[in-house]
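Residues per chain, in single letters:
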Amino acid sequence: MEPLLYEIEHGIGTGHFMLYERDNHVFPMHMHRCYEFVLMLSGQMSMHIEKQEYLLGKGDLVLIKPNSLHSYHSNEQLQGKCLICVFSQDLIAAVTDPLTKYKLPSPIIRSIPSFYREMFTSINEDSDLATRKGFLYTISGLFYQSLDFDTEDDLAKDTLLLRDIFVYLESHMAEPCTLKGMASELGYSPAYISRYFTQAVGLPFYTYVQSIKMDRACYLLLNTRDSVLSIAMQCGFPTLSSFNRTFRITLGETPREYRKRALVRSSD
């Protein structure tokens, strides 16, 4: 099983709107609190959404609901270009409740008319708020029309627990992040959370915690001038020596060596 990621930056605030164009896109299983539209511009790509795999072709449009597990797959046979739009729920406030609550027969609309494709390709992150909302409501309307109002979407409970786990880890990054402490705050037993997390994410809890702490440490080493001691504290290590030891075991060098090597490489 591939490790699952939680993209905390998507959906923390209101008005979140990001656009990406990707060639031969590959991204592991992940989730976030935003909606996501995907438009295939050319070629083919495979997507996993929850427990289903879908093959996408030119003109296909995908809606991914908040807290839905999804991943992107390309290879030598599946090569294509797509546009991805990730946006917060407040930007389509008038329809977000039914879109979230009720079941879609399919998250994909095949070969949408050229009018909608042109609208999608003409929008950009510099567009004003009214233009963004007009675009998002128009595209959302395509999916709204196909909602099954007699059937509620049953994804919520499991994915919301995963969401709560990842939000807890993000907000407690500067602390030890113990399984017992998290389980207590979320209202579950440590044994249940441990089993659930390993099954859902594909890694044991403490292995995942160490991984995201190292990812955060590397980011801070490369993108800030904070001291190594300060970064150790921000990543929840009680001492500089424990941070250095874990970093060396994980990455094969000390934090200072990592930062120095990266600076030399960037100056070449």
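What you are looking at is a predicted structure, and each value in this text was computed from that prediction instead of being measured.

Rules behind the numbers
- Residues numbered from 1 in each chain as written.
- Predicted model: local features only at pLDDT ≥ 70, side-chain atom pairs only at ≥ 80, totals over all residues.
- Heavy atoms only, no water.
- Helix = DSSP H or I, 4+ residues; strand = E, 2+ residues; numbered from the N terminus.
- Buried < 20%, exposed > 50% of the residue type's maximum accessible area, 1.4 Å probe, protein only.
- Pairing = 2+ DSSP bridges.
- Expected span 1.5 Å × (residues − 1).
- Arc of directions from axis to C-beta.
- Polar contact = N/O pair within 3.5 Å; in protein donor to acceptor, adjacent residues only side chain to side chain.
- Contact = heavy atoms within 4.5 Å.
- Salt bridge = Lys/Arg side-chain N within 4 Å of Asp/Glu carboxyl O.
- Phe/Tyr/Trp six-rings, centres within 6.5 Å; stacked < 30°, edge-to-face > 60°.
- Disulfide = S-S within 2.5 Å.

**Topic: the environment of Lys51**
One can find Lys51 in the loop between strand 4 (35–49) and strand 5 (52–57). Judged by relative accessible area, Lys51 falls into the exposed class, the value being 80%. Counting along the chain gives 19 residues from Lys51 to His70, while the straight-line C-alpha distance between them is 8.8 Å.

**Describing the pairing of strand 6 (residues 61–64)**
Two faces, one strand: in a regular strand the side chains alternate between the faces of the sheet. Going residue by residue along strand 6, you find Leu61 and Leu63 tucked away on one face and Val62 and Ile64 tucked away on the opposite face as well. Bridging between strand 4 and strand 6 involves four bridges; their strand directions are antiparallel. Bridging from a neighbouring strand, Phe37 pairs with Leu63 of strand 6. Pairing analysis gives two bridges linking strand 6 to strand 10 (residues 108–109), with the strands arranged antiparallel. For Val62, the partnering residue across the bridge sits in strand 10 and is Ile108.

**Side note on unusual backbone geometry**
Residues other than glycine seldom take positive phi values, yet Asn24 does so here, at roughly 45°. Here Asn24 shows up in the loop between strand 2 (17–23) and strand 3 (27–31). In this structure Asn24 comes out as partly exposed when scored by relative accessible area, which is 35%. Phi at Cys177 is positive, roughly 60°, even though this residue is not glycine. Of note, Cys177 is situated in the loop between helix 4 (156–171) and helix 5 (179–186). Cys177 sits in the buried class, given a relative accessible area of 4%.

**What about helix 3 (residues 129–144)?**
The first and last C-alpha atoms of helix 3 sit 21 Å apart over 16 residues, in line with the 22 Å expected at 1.5 Å per residue. Those residues of helix 3 that fall on the buried side of the exposure criterion are Arg132, Phe135, Leu136, Ile139, Ser140, Leu142 and Phe143. End-on, the buried residues of helix 3 take up no more than an arc of 140°, which puts them together on one face. Residue Asp128 occupies the N-cap position of helix 3, its side-chain oxygen lying 3.1 Å from the main-chain nitrogen of Ala130.

**Quick notes on the side chain of His70**
Mapped onto the secondary structure, His70 falls in strand 7 (residues 70–73). Judged by relative accessible area, His70 falls into the buried class, the value being 0%. Looking at His70, its side chain comes within polar contact range of the main-chain oxygen of Ser68, at 2.8 Å. Sequence-distant contacts of His70, defined by excluding residues within four places in its chain, comprise Pro28, Met29, His30, Met31, His32, Glu36, Met47, His48, Ile49 and Ile64.

**Description of the pattern of salt bridges**
Inspection of every chain in the model, using the stated rule, returns five salt bridges. The partner of Lys81 in a salt bridge is Glu21, and the shortest N-O contact between them spans 3.6 Å. One end of the pair, Lys81, is in strand 8 (residues 80–87); the other, Glu21, is in strand 2, with 60 residues separating them in the sequence. Under the relative-accessibility criterion, Glu21 is labelled partly exposed at 46%.

**Structural notes on the packing of aromatic side chains**
Aromatic rings considered in pairs are described by the distance between their centres and by the relative angle of their planes. Counting across every chain of the model gives 17 aromatic pairs. Residues Phe243 and Phe247 carry aromatic rings whose centres are separated by 5.8 Å and whose planes lie at 65° to one another, so their mutual orientation is edge-to-face. Note that Phe243 and Phe247 are positioned in helix 9 (residues 240–251) at a spacing of four residues, about one turn of the helix. With a relative accessible area of 0%, Phe243 lands in the buried category. Taken together, the ring pairs in this structure connect Phe166, Phe197, Phe205, Tyr206 and Tyr208 into an aromatic cluster.

**What about the side chain of Ser71?**
Here Ser71 shows up in strand 7. A distance of 2.8 Å separates polar atoms of two side chains, one belonging to Ser71 and the other to His73.

**Some thoughts on the state of the cysteines**
Summed over the entire model, instances satisfying the criterion amount to zero disulfides. Considering cysteine sulfurs only, Cys34 is the nearest to Cys85, which forms no disulfide, with 9.4 Å between them. The thiol of Cys218 is not disulfide-bonded; the next cysteine sulfur, from Cys235, is found 8.9 Å away.

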